[in-house]
Structures are given as structure tokens and as C-alpha cells.
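Descriptive analysis of the structure
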Amino acid sequence: MSKIRAAKVIVTCPGRNFVTLKIETEDGLYGVGDATLNGRELAVASYLNDHVVPCLIGRDAHRIEDIWQYLYRGAYWRRGPVTMSAIAAVDMALWDIKGKVAGLPLYQLLGGASRDGVMVYCHANGVTIEETIEAARGYMAQGYKAVRLQAGVPGLKSTYGVPKDKKPYEPADADIPTENLWSTEKYMRSLPALFEAGRDKLGWDVHLLHDAHHRLTPIEAGRLGKDLEPFRMFWLEDAVPAENQAAFRLIRQHTTTPLAVGEIFNSIWDCKQLIEEQLIDYIRATVVHAGGITHLRRIAALADLYHVRTGCHGATDLSPITMGAALHFNLSIPNFGIQEHMHHAAVTETVFPHAYSYKDGYMHPGEAPGHGVDIDEKEAAKYPYKRAYLPVNRLEDGTLYNW
Ligand code: GCO
Ligand code: MG
């Protein structure tokens, strides 16, 4: 028994907004969990502060599964990104504590390492194809075995996924969302050339990925997948919005390009049909938005039965705590596929010291007890919350569209 003495929510903005839950036990240990939901951060902070923290005090920190069920079933209102990010934060913090009590890195508690390292992919972005290829070359020189290629679409002024001013990531930079224009026709015409250049200039020994950000219809996605088949992509991500899981049947009927989806999923119910019908190849759900290690393991176990591998979301709006927890998860499960890796800003790293590291295309969670990521509260206090949104997308006739 290790009684929970206190729990607090820390909101900080070192480069971008992060919400962290810190749980302390009566025997002087603590664990931290990520609760960041980009653009809706304070909703999760309130959910935790007002509704979860009071219910945690006095509970046994070791009863991770029981606390998970208590927060999930006990709330009556199930699922949803706010609820599941809050539960995830508690879950991560409790696994962190258990690891510290055991004196073992989290992956050891999850069954030990199934591989030596976690293959990661990075983002090569550019306004033009040439710029994107140049960026990919730079990453390959750092050892990356897998690169996501995104380029500006000729005829569209700015596109989400292609950062402005050569910034390394896609910042949520506006107090009120800025508006982009979108044209599927222009995009679909431009994309094969990017991958043709990719294979031509980067060769065949690198995995190439692409994110369509939910912007296509199923039949468009089928056609795009077919057009991209000659380039043997690792995956085409988020081809269509996935609320209607059956929509993926149509894409599957038309292309053998591997499909990935799920960064906005928050429970196993969002992907049950996609997995059981083998409509996808990679599931992108990750620790913070899909109910923590406890729930993500359940998703991965289901996926394993159907030849679906994991490809956890790892953008910079997920805090280093999620990256650390995901790396332990990735190292331990049998059906790991790949992990996304976007570099956090240096200032983010000063607030979240971590044991994980990158070398030659692979990441490793490190050997620190627990998940190996901490928060420096003094540093965190220097960066107050700042409202910031990602852009929205409109079609050229003004219709609000998916971004
Ligand atoms: C990705 C994503 C991100 C998300 C962002 C939303 O594949 O990394 O699509 O860029 O858009 O994490 O908050
Ligand atoms: Mg994505």
C-alpha cells in the first residue's frame, strides 16, 4: 500500500502549452503524467483539478487498474478526449510511481524489452519539393531510417503540416485560429511528384511516410493510395476522417498502400472495427489521448491479433512525458511498428528533463526507474499559459473543411 497524499496540476508554456499531473504518495515518492490536449488544455486541467484530484487522495497508488476503472466506469460519462487525457495522466503518474518503488524502468514492468531500440520517423517539411528533399537528406545524415515528407501545394498559400518560416514544427500560434485554404484537386495532383522525387533522390533504403490530415474522401484516398503505390510508402496517414470506421473499406478495396490512422482516437471503441476488419495497418493512438499505458496496451493487444502494428503519435504538442511513456510501451509490446519523433524546442526540454535518448534512427527510454521523465517546477513557473490555436481550413469557396 502506497497512499496518495496529494495531486496537483501544473500548466506551463515553454514554447507551447503543456498540462502535467503530479501525484505524491505518503512515503515521499511522486510520479508525473501528461494531460496535454492541444487547444483545449484548460478543459483537461479543470477536469483533473475539479473532478479527479479530490477522488484520488487516500487511494492506493499501486492499484493502477482499479483506479483506471474507477475513473472510467465510475464517472458514468465515458470516453472523449478530455476524459481520456485526464485518465491517461493519472495512469502515467501511477506507472511512474510503481517503477520508482520497484527500482525498475517502466518497460521492465511491462514485460521487458522486445527489441533493442524504437525506430522513429521524423518530419521533413518544405514549401517546395526540393526543400523537402533537402530536409529529408539532413535527417538521413543524422541516421533516421524513416522520414515523413510534406511539401507545400502549388496554388495554395499556406498548408497545415508545412510550417511557415522554416520552423521545425507546426506551432499552434494564434490567439484565434488563422484560416487556410484547401483544394483536394491541387493536392492530389502535386503529391505523386513529391514521392517520385523522394525515391529518385533519397533511394529505396529509407521508409517514406505522409500525413493527409483527414482531408480526403474515401474514393479520393483510394485513388491517391493507388497513385502512390509505385513508391512503396511505409504509410499514408489519416487519409479520411475516421469517425465512420466502415469508410476505410472503400479505401482498402482500391489500394495496397499501407494505412495509418488514430492520433485523435481516445479509446479502443474508436478503432475496434478498423482493427477487426483489418482496414488499417498501423494504429496511431498514443498514451496521453488514449487513456494511458493501461488502455493503450489493450488496444495494442487487440491490434496484434489482426496484424495491425502501432505507430504512436509523437508531435511536439504531446509533452516529453508522453514521449517517455510511449517509448517504454513501444519497447515492450510485440507488435510495435514505428514511433513519431518531432524534436521538442530546447526550452521545453529544460522544463522536462528526461532519460530517453536518440541514436542512429532509434530511440530508447533509458534505465531510470519509472518512465524517466520529470518536470522542473521552478522552470515551469517561468512560462505561464498562453492561449494558442492551430489553424482551420476552408475550401476555396469558403466552406469550412477538415485540417
Ligand atoms: C502528426 C499530427 C500533428 C497534429 C497535432 C495536433 O501527425 O504529428 O497530425 O501535427 O496535427 O499533434 O495537435
Ligand atoms: Mg498526423
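Up top you'll find the structure we're talking about.
Note that the structure is a prediction, hence the values are computed from the model and not measured. (Residues numbered from 1 in each chain as written. Chains lettered and ligands numbered in written order. Predicted model: local features only at pLDDT ≥ 70, side-chain atom pairs only at ≥ 80, totals over all residues. Heavy atoms only, no water.)

1. Regarding the overall build of the protein chain
Regarding its fold elements, the protein chain presents 13 helices and 16 strands. Projected onto its principal axes, the C-alpha coordinates of the protein chain cover approximately 60 × 45 × 45 Å. Counting every position in the protein chain, which comprises 403 residues, the buried fraction comes to 58%. Pairs at least 24 apart in sequence give 74% of the contacts found in the protein chain among residues at least 6 apart. Only carbon and sulfur atoms are counted for the fraction: they give 53% of the accessible area of the protein chain, which is about 16200 Å². Of the side-chain charges in the protein chain, 42 are positive and 48 negative, and the distance between the mean point of each set is 2 Å. (Helix = DSSP H or I, 4+ residues; strand = E, 2+ residues; numbered from the N terminus. Buried < 20%, exposed > 50% of the residue type's maximum accessible area, 1.4 Å probe, protein only. Contact = heavy atoms within 4.5 Å. Areas by Shrake-Rupley, 256 points an atom, 1.4 Å probe, with all protein chains shown as cover. Lys, Arg positive; Asp, Glu negative; His and termini not counted. Charge placed at Lys NZ, Arg CZ, Asp CG, Glu CD.)

2. Points about the environment of Lys226
Within the fold, Lys226 resides in helix 7 (residues 218-228). With 13 residues separating them along the chain, Lys226 and Ala239 place their C-alpha atoms 13 Å apart. Aside from chain neighbours lying at most four places away, what touches Lys226 is His254 and Thr255.

3. Side note on helix 10 (residues 292-305)
Helix length check: helix 10, at 14 residues, gives a terminal C-alpha distance of 21 Å against a target of 20 Å (1.5 Å per residue), a fit within 8%. For helix 10, the set of buried residues is Gly292, Ile293, Thr294, His295, Leu296, Ile299, Ala300, Leu302 and Ala303. With its phi angle positive at about 65°, His307 sits one or two positions after the end of helix 10. (Expected span 1.5 Å × (residues − 1).)

4. Brief notes about the sheet that holds strand 6 (residues 179-182)
One open sheet holds the three strands; their spatial order is 6-15-16, and the pairing between them is mixed. Every interior strand has two partners, whereas the edge strands, strand 6 and strand 16 (400-401), have only one. Where strand 6 meets strand 15 (residues 392-395), four bridges bridge the pair, whose relative direction is parallel. From the neighbouring strand, Trp182 faces strand 15, where its bridge partner is Leu395. (Pairing = 2+ DSSP bridges.)

5. Topic: the layout of surface pockets
Counted as a void, the largest pocket has a volume near 1100 Å³. Forming the walls of the largest pocket are 39 residues, and the residues nearest its centre are Asn38, His214, Glu263, Ile264 and Trp403. In terms of residue class, the lining of the largest pocket is built from 17 nonpolar, 10 polar and 12 charged. A domain-level breakdown of the lining of the largest pocket finds at least three residues from each of domain 1 (4-105) and domain 2 (109-368). (1 Å grid on protein atoms, 1.4 Å probe; cavity = no way out; pocket = protein on both sides within 12 Å on 5 of 7 lines; lining within 4 Å. Points joined across faces, edges and corners; volume = space filled by probe spheres on them. Nonpolar A, V, L, I, M, F, W, Y, C, P; charged D, E, K, R; others polar. Domains from an automatic or database assignment.)

6. Thoughts on the coordination of the magnesium ion (ligand 2)
Note on the magnesium ion (ligand 2): its protein donors are Asp211 (OD), Glu237 (OE) and Glu263 (OE). The metal-donor distances range over 2.0 to 2.2 Å. Of note, the donors binding the magnesium ion (ligand 2) are all from one chain and are spaced D-x25-E-x25-E. With Asp211 in strand 7 (residues 207-211) and Glu263 in the loop between strand 9 (259-261) and helix 9 (272-276), the pair connects residues that are 52 residues apart, well separated along the chain. Judged by its relative accessible area of 1%, Asp211 is buried. (Donors = N, O, S within 2.8 Å, 3.2 Å for Na, K, Ca; no water.)

7. Quick word on the packing of aromatic side chains
As enumerated under the stated definition, the model contains 10 aromatic pairs in all. Geometrically, the ring pair formed by Trp182 and Tyr187 is tilted, given 4.9 Å between the ring centres and 50° between the ring planes. Judged by relative accessible area, which is 1%, Trp182 ranks as buried. Linked through ring pairs, Tyr121, Phe234, Trp235 and Tyr282 together constitute an aromatic cluster. Its end group placed over the ring of Trp182, Arg215 keeps NZ or CZ at 4.4 Å from the ring centre. (Phe/Tyr/Trp six-rings, centres within 6.5 Å; stacked < 30°, edge-to-face > 60°. Lys NZ or Arg CZ within 6 Å of the ring centre and 35° of its normal.)

8. Some remarks on the pairing of strand 11 (residues 309-312)
Where strand 10 (residues 282-283) meets strand 11, two bridges bridge the pair, whose relative direction is parallel. When the sheet's bridge partners are listed, Ile283 is paired in strand 11 with Thr310. Once you follow strand 10 into helix 10 and on to strand 11, the crossover reads as right-handed. Strand direction decides the pairing type here: strand 11 and strand 12 (residues 336-340), joined by three bridges, are parallel. Its bridge partner being in strand 12, Cys312 is matched across the sheet by Gln339. This β-α-β element, strand 11 to helix 11 (residues 320-332) to strand 12, shows right-handed connectivity. (Right-handed = clockwise from strand over helix to strand, strands pointing away.)

All quantities given are derived from atomic positions and should not be read as evidence of function.
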